[in-house]
Amino acid sequence: MFYLSTRNNEISKTPSEAVLEGIAKDGGLYMPKTFEGAAFPMERLTKMSNKEISAEVISLLFAGDKMIANEKGEFAGAYELVSKAYDGKFDNEDFAPLEKVADAYVMELYHGPTCAFKDVALQLLPQLISSAKKATEMKDEIVILTATSGDTGSAALSGFSDVEGVKIIVFYPRKGISAVQERQMVSVDGKNTCVCSVGGNFDDAQSGVKNIFANLKLPEGVKLSSANSINIGRLAPQVAYYFKAYRDLLLNGEIKMGDKVNFVVPTGNFGDILAGYFAKKMGLSVGKLVCASNENKVLTDFFENGVYNKNRSFYVTNSPSMDILISSNLERLLYLTCGAKRCADYMEQLKRNGEYKITEEELAKINSEFDAGFTNGDETIKTIKDVYEKHGYLMDTHTAVAWSVYEKWLAKTGNKDKTVVLSTASPYKFSNSVMNALGQGYDGEFDALSKLNAYTGAKIPGSLVDIEKKPVFHSVTVEKDEMMDFVDKMVNTKTWHK
Ligand SMILES: *Cc1c(COP(=O)(O)O)cnc(C)c1O
């Protein structure tokens, strides 16, 4: 398999190179040259375990690369990498269990170490990077540099902690991240981890990181990379759970092989839902992929009228991990729809004017595979309460956005196929909002966690039990104009101590 830039088909890389680079030189994202030859062996699906499905997906998407080849035991095989990533890390043996709620299924993707779906990808990405380094005989040390508004930072730290040949620096805004999210990050004790708060908001931290990528002079033997979902090594692991959901529906007798299944996905950067489209390209019988947004509904508008316009108000919502105006991975869907040249054009327009409009033909093509909808904060809160009272099922705000969009979509389309709603975070990760939804009082975030448990009896995920008592290993803080100097100092320090 080869990977091409979404903006220029002449840029072609091996899977290892694409994983190590993250983003192409021309600013494009890496895409498989073709999905031909990457057809999933559906006839074996019902006999496969979760790890076997993950290993199969990785093997197909990264076919022929040493990164996943078990040559003379020199390189780890796909199954070995998957085992290293997932064994003992998830609090449910089945890392993506399906729960029947009303007539739909909720796929719980939050049973990993940081209680959000990003763990599925970010436990495997470090293994892929580490193996890709060996495969390409890269001697450089890779430093992962990430700005986070919460979920990405903790999941990345958990995944990269103590992985060989890689270090990680995470910046988070001093204000505007929850106490639980902060403690999840500063309590990571890996020798190769560094966590630092920044005076300012998320955009300040993000701009600082972009500036460092563009302008920091690195010492010999050090390379910077990113853990964001633009990396194909982060996208690929997510494809597996779409097959896994289909397998479970087959085993439950809910569907027959070949029946279509819809997926409703709470969306921010368009990574998770795009992984579902990859699954479809690899032969999964997917009906509609329904893109669910909160008030930041730039994607809903795009699917409706073909105009992507980021020049609009930004809302801070109760589903913060979806508060995004530039959904980077949409570029990959554009590329599949209209090719590299037009894709590069649209991205240039987005950069210059903050806006682009695709043709009616292109929009029709996209609408034959995707639907979209949005919901506001009040509806999100009401959904949590209603689903809990009617069906006894407790969900977080991001999942509730998806559920609310699912209900509206079902009422509008009357679709008869089975539908899976993706649940991306534990209700305990956003206890405040969930307690508000249930009309219950609490005193601060940590108290909300235990009161939510007392009120609902739902089990607190292991990693969040007594989270407020976890020791703090990182207490560095810098101002936004000091970020560059800080990273410069860190990349020139061989051993990081705390
Ligand atoms: C990151 C995140 C999302 C959005 O996923 P994308 O792949 O960016 O579309 C949704 N829900 C939660 C809880 C998240 O952390």
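Up top is the structure these notes are about.
Residues numbered from 1 in each chain as written. Predicted model: local features only at pLDDT ≥ 70, side-chain atom pairs only at ≥ 80, totals over all residues. Heavy atoms only, no water.

Draft legend 1. Summary view of the environment of Glu254. With respect to the element layout, Glu254 can be found in the loop between helix 8 (232-251) and strand 10 (261-266). Classification of Glu254 by relative accessible area gives partly exposed; the value is 23%. Once the C-alpha coordinates of Glu254 and Lys418 are considered, the two residues, 164 residues apart in sequence, prove to be 7.9 Å apart. Other than its neighbours up to four places away in sequence, Glu254 contacts Lys100, Tyr105, Leu249 and Lys418. (Helix = DSSP H or I, 4+ residues; strand = E, 2+ residues; numbered from the N terminus. Buried < 20%, exposed > 50% of the residue type's maximum accessible area, 1.4 Å probe, protein only. Contact = heavy atoms within 4.5 Å.)

Draft legend 2. The side chain of Ser16, seen in detail. Mapped onto the secondary structure, Ser16 falls in helix 1 (residues 15-21). Contacts of Ser16, omitting those with residues within four sequence positions, involve Asp65, Met67, Ala132, Ala135 and Thr136.

Draft legend 3. Region of the structure containing the packing of helix 4 (residues 118-135) against helix 5 (residues 151-160). The N-to-C vectors of helix 4 and helix 5 enclose an angle of 40°; their axes lie 8 Å apart at closest approach. It follows that helix 4 is oblique to helix 5 by the angle criterion. Crossing of helix 4 against helix 5: the hand is right-handed. The segment helix 4 lies against helix 5, with Lys118, Asp119, Leu122, Gln123, Leu125, Pro126 and Ile129 engaging Asp151, Thr152, Ala155, Ala156, Ser158, Gly159 and Phe160. Of the residues assigned to the contact of helix 4 with helix 5, the class counts are 7 nonpolar, 4 polar and 3 charged. (Axes fitted to C-alpha atoms, helices over the stretch in contact; angles between N-to-C directions. Parallel < 35°, antiparallel > 145°, perpendicular 65-115°, else oblique. Left-handed = near helix turned anticlockwise from the far one by under 90°. Nonpolar A, V, L, I, M, F, W, Y, C, P; charged D, E, K, R; others polar.)

Draft legend 4. Spotlight on the site of the ligand. Inspection of the region around the ligand gives 15 residues, with Lys118, Asp151, Gly268, Asn269 and Thr424 positioned closest. Contact between the ligand and Asp151: an oxygen atom at 2.6 Å from a side-chain N or O atom of the residue. One of the backbone N or O atoms of Gly268 is found 2.8 Å from an oxygen atom in the ligand. In the complex, the protein chains occlude 96% of the 390 Å² of accessible area that the ligand would expose alone. Split by residue class, the shell around the ligand holds 5 nonpolar, 7 polar and 3 charged. (Near = heavy atom within 4 Å. Polar contact = N/O pair within 3.5 Å; in protein donor to acceptor, adjacent residues only side chain to side chain. Areas by Shrake-Rupley, 256 points an atom, 1.4 Å probe, with all protein chains shown as cover.)

Draft legend 5. Looking closely at the nonpolar core. By size, the foremost hydrophobic cluster in this structure holds 113 residues, and its most contacted members are Phe62, Phe243 and Phe263. Sorting elements by how many residues they give to this core places helix 8 first, with 12 residues. With residues near it in sequence (within four places) discarded, Phe243 still touches Phe40, Met42, Leu45, Ile53, Val57, Ala279, Met282 and Leu284. Judged by nonpolar contacts, the second largest core, of 35 residues, contains Val264, Val290, Ala400 and Tyr428. (Core = buried A, V, L, I, M, F, W, Y, C linked by side-chain atoms within 4.5 Å.)

Draft legend 6. Quick peek at the sheet that holds strand 8 (residues 193-199). Read from one edge to the other, the open sheet built from 5 strands follows the order 9-6-7-8-16, with strand pairing classed as parallel. With one partner strand each, in any of the chains shown, strand 9 (222-225) and strand 16 (476-479) form the two edges of the open sheet. With direction set aside, neighbouring strand axes in the sheet form an average angle of 25°. Relative to strand 9, strand 6 (residues 141-147) runs parallel, the two sharing 4 bridges. Residue pairing for strand 9: Glu141 is matched across the bridge by Val222. Sitting on the sheet, helix 17 (residues 483-491) touches strand 6, strand 7 (166-173), strand 8, strand 9 and strand 16, and the angle it makes with strand 7 is about 160°. (Pairing = 2+ DSSP bridges.)

Draft legend 7. The arrangement of the pairing of strand 6 in detail. Counting buried positions along strand 6 gives 6 out of 7 residues, so the element sits mostly inside the fold. Pairing of strand 6 with strand 7, which is carried by 6 bridges, proceeds in the parallel orientation. Residue pairing across strands places Ile144 opposite Ile168, the latter belonging to strand 7. In this fold, the crossover linking strand 6 to strand 7 by way of helix 5 has right-handed handedness. (Right-handed = clockwise from strand over helix to strand, strands pointing away.)

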